[in-house]
Amino acid sequence: MLDNPNSDFNVWRSRAGDIKRPQVSAVVMTMAGARSATKGVKDRASQMYVERAYEVAAKHSDLFDVDNAADAFVITDDFMSAGRISGALSIPIPQLKVGQFHTVSGSRLQVNESQVRYRKELEYLTSIL
């Protein structure tokens, strides 16, 4: 979108007085179901997805505000039920309490122990932005 001069974004940017094209500071990738049996290792499908994203970023490295586009990537886990609860009920993930139940779209969801890991990932993400 940023690189294609015919994209709606660039057409409207041009119509607005050729406003300077923004640069990408960070790419946040949330990986659903992205764990292998080995702790901290992404599954093969997720690894391929991340590698493909790196390839695309490298082709468009001039769109990034860092020397190496791969340095702009932040890869987090999918926030599963905590993310669904947080988004649907407007409760920040750090304020969710492990063990609590919430109803979202007719489903009863429980905040599990992974909320602690998600909170740490969000703190990391905030620190680099």
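This structure is a prediction, so every number in the text was calculated from the model and none was measured.

Q: How should I be thinking about the nonpolar core in this particular structure?
A: Taken as a class, soluble globular proteins show a tendency for nonpolar side chains to be buried jointly. Counting 10 residues, the largest nonpolar core is built from Leu2, Val24, Met29, Val50, Ala57, Leu63, Phe64, Ala69, Ala72 and Phe73. Within the second largest apolar cluster, 9 residues are counted, among which are Ala82, Ile85, Leu96 and Leu109.

Q: What should I look at first to understand the environment of leucine 63 in this one?
A: Summarising the element assignment, leucine 63 is placed in the loop between α2 (44–59) and β2 (73–77). When the C-alpha positions of leucine 63 and arginine 21 are compared, they lie 8.5 Å apart, and in sequence the two are 42 residues distant. Look past the residues within four positions of leucine 63 in its chain and what remains in contact with it is Leu2, Asp3, Arg21, Pro22, Gln23 and Val24.

Q: What should I look at first to understand unusual backbone geometry in this one?
A: Across residues other than glycine, the phi torsion is negative in most instances, and most of the peptide bonds are trans. Even without a glycine there, the phi angle at serine 90 is positive, about 55°. Following the sequence through the fold, serine 90 ends up in the loop between α3 (80–89) and β3 (101–104). Looking at serine 90, the relative accessible area reads 63%, which means it is exposed.

Q: Before we go on, may I ask you to explain the side chain of glutamine 115 in this structure?
A: Following the sequence through the fold, glutamine 115 ends up in helix α4 (residues 114–128). Reaching out from glutamine 115, the side chain makes a polar contact with the backbone oxygen of leucine 96 at a distance of 3.1 Å. Not counting residues up to four positions away in its chain, the partners in contact with glutamine 115 are Ile93, Pro94, Leu96 and Val98.

Q: Hey, could you run me through the pairing of β3 in this one?
A: Walk down a regular strand and you will see the side chains alternate between the two sheet faces. What you see with β3 is a clean split: His102 and Val104 sit on the buried side and Phe101 and Thr103 on the side with no burial. What sits between β3 and strand β4 (residues 107–110) in their antiparallel hairpin is a turn of 2 residues, with serine 105 showing a positive phi close to 50°.

Analysis parameters
- Throughout, residues of each chain are indexed from 1 in the direction in which the sequence is written.
- Totals for whole chains, interfaces and linings use every residue, but because this is a predicted model, local features are given only for residues with pLDDT of at least 70 and side-chain atom pairs only at 80 or more, for both listing and counting.
- The side-chain quantities take in all heavy atoms of the structure and omit both hydrogens and water.
- Here, nonpolar core means buried Ala, Val, Leu, Ile, Met, Phe, Trp, Tyr and Cys residues that are tied together by side-chain atoms lying within 4.5 Å of each other.
- Each residue's exposure class comes from its accessible area (1.4 Å probe, protein chains only) as a fraction of the maximum for that residue type: buried when under 20%, exposed when over 50%, partly exposed otherwise.
- Going along the chain from the N terminus, every DSSP run of H or I of four or more residues is numbered as a helix, and every run of E of two or more is numbered as a strand.
- For this analysis, residues touch if any pair of their heavy atoms sits within 4.5 Å.
- Whenever two N or O atoms come within 3.5 Å, that pair is a polar contact, provided that in protein one can donate a hydrogen and the other can accept it, and provided that, for residues adjacent in sequence, both atoms are side-chain atoms.
- Criterion used throughout: strands pair if DSSP finds at least two bridges between them.

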